[in-house]
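# What the coordinates show
Each chain, letter by letter, is given below.
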Amino acid sequence: MQLAARYLTQVRQYDLAYTALAGAITDARRAGDTLTGRSGVIGMCWLLLRQGRLDEARLSASSVVIS
């Protein structure tokens, strides 16, 4: 799902990319896979940056560093 989300972000299909990333992060949390979950958050930050949502990207990035 992360790979699809990265492609969707590049082609500016932001709603679909957000859905794919949210699903990937949720699945990683359920599986207890912190590395994959953090990778999903990085993808989410990239998506937010592409949309110009800088404050949300900063908050998302800081949640990865803190937790």
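Residues numbered from 1 in each chain as written. Predicted model: local features only at pLDDT ≥ 70, side-chain atom pairs only at ≥ 80, totals over all residues. Heavy atoms only, no water.

Per-chain confidence: the protein chain averages 91 in pLDDT, with 96% of residues scoring 70 or above. By mean pLDDT, the top-scoring element of the protein chain is helix α2 (residues 14-31) (95), and the lowest-scoring one is helix α4 (residues 54-66) (83). (pLDDT = per-residue confidence, 0-100. Helix = DSSP H or I, 4+ residues; strand = E, 2+ residues; numbered from the N terminus.)

Right, let's get into the pattern of salt bridges. Applying the stated criterion to the full structure yields one salt bridge. Glu-56 is the partner of Arg-53 in a salt bridge, and the nearest nitrogen-oxygen pair spans 2.7 Å. (Salt bridge = Lys/Arg side-chain N within 4 Å of Asp/Glu carboxyl O.)

This brings us to a nonpolar patch on the surface. Where nonpolar side chains cluster on the molecular surface, the patch consists of Trp-46, Leu-49 and Leu-54 and spans about 310 Å² of accessible area. With respect to the helices, strands and loops of the structure, Leu-49 is situated in helix α3 (residues 34-50). The partly exposed category is assigned to Leu-49, whose relative accessible area is 43%. (Patch = residues over 30% accessible without salt bridge, like charges linked within 9 Å, V, L, I, M, F, W, Y side chains within 5 Å. Areas by Shrake-Rupley, 256 points an atom, 1.4 Å probe, with all protein chains shown as cover. Buried < 20%, exposed > 50% of the residue type's maximum accessible area, 1.4 Å probe, protein only.)

The next point concerns the nonpolar core. When a protein is soluble and globular, its nonpolar side chains tend to lie buried together. Within the largest apolar cluster, 14 residues are counted, with the highest numbers of intra-cluster contacts made by Leu-21, Val-41, Met-44 and Leu-47. At the level of elements, α1 (2-10), α2, α3 and α4 are the ones that each hand at least two residues to this core. Leu-21 has contacts with Gln-2, Ala-5, Gly-40, Gly-43, Met-44 and Leu-47, leaving out every residue within four places of it along the chain. (Core = buried A, V, L, I, M, F, W, Y, C linked by side-chain atoms within 4.5 Å. Contact = heavy atoms within 4.5 Å.)

A positive phi angle, close to 65°, is found at Arg-12, a residue other than glycine. Along the chain, Arg-12 turns up in the loop between α1 and α2. Owing to a relative accessible area of 58%, Arg-12 belongs among the exposed residues under this scheme.

This part is about the environment of Met-44. Mapped onto the elements of the fold, Met-44 is located in helix α3. Separated by 34 residues in the primary sequence, Met-44 and Gln-10 place their C-alpha atoms 13 Å from one another. Those residues in contact with Met-44, other than ones at most four positions away along the chain, are Tyr-18, Leu-21, Ala-22 and Ile-25.

Mapping Leu-47 onto the fold places it in helix α3. Take Leu-47: its relative accessible area is 0%, and that puts it in the buried class. For the pair Leu-47 and Ala-24, spaced 23 residues apart in sequence, the C-alpha separation works out to 14 Å. Residues contacting Leu-47, with those up to four places away along its chain left out, are Thr-9, Tyr-14, Ala-17, Tyr-18 and Leu-21.

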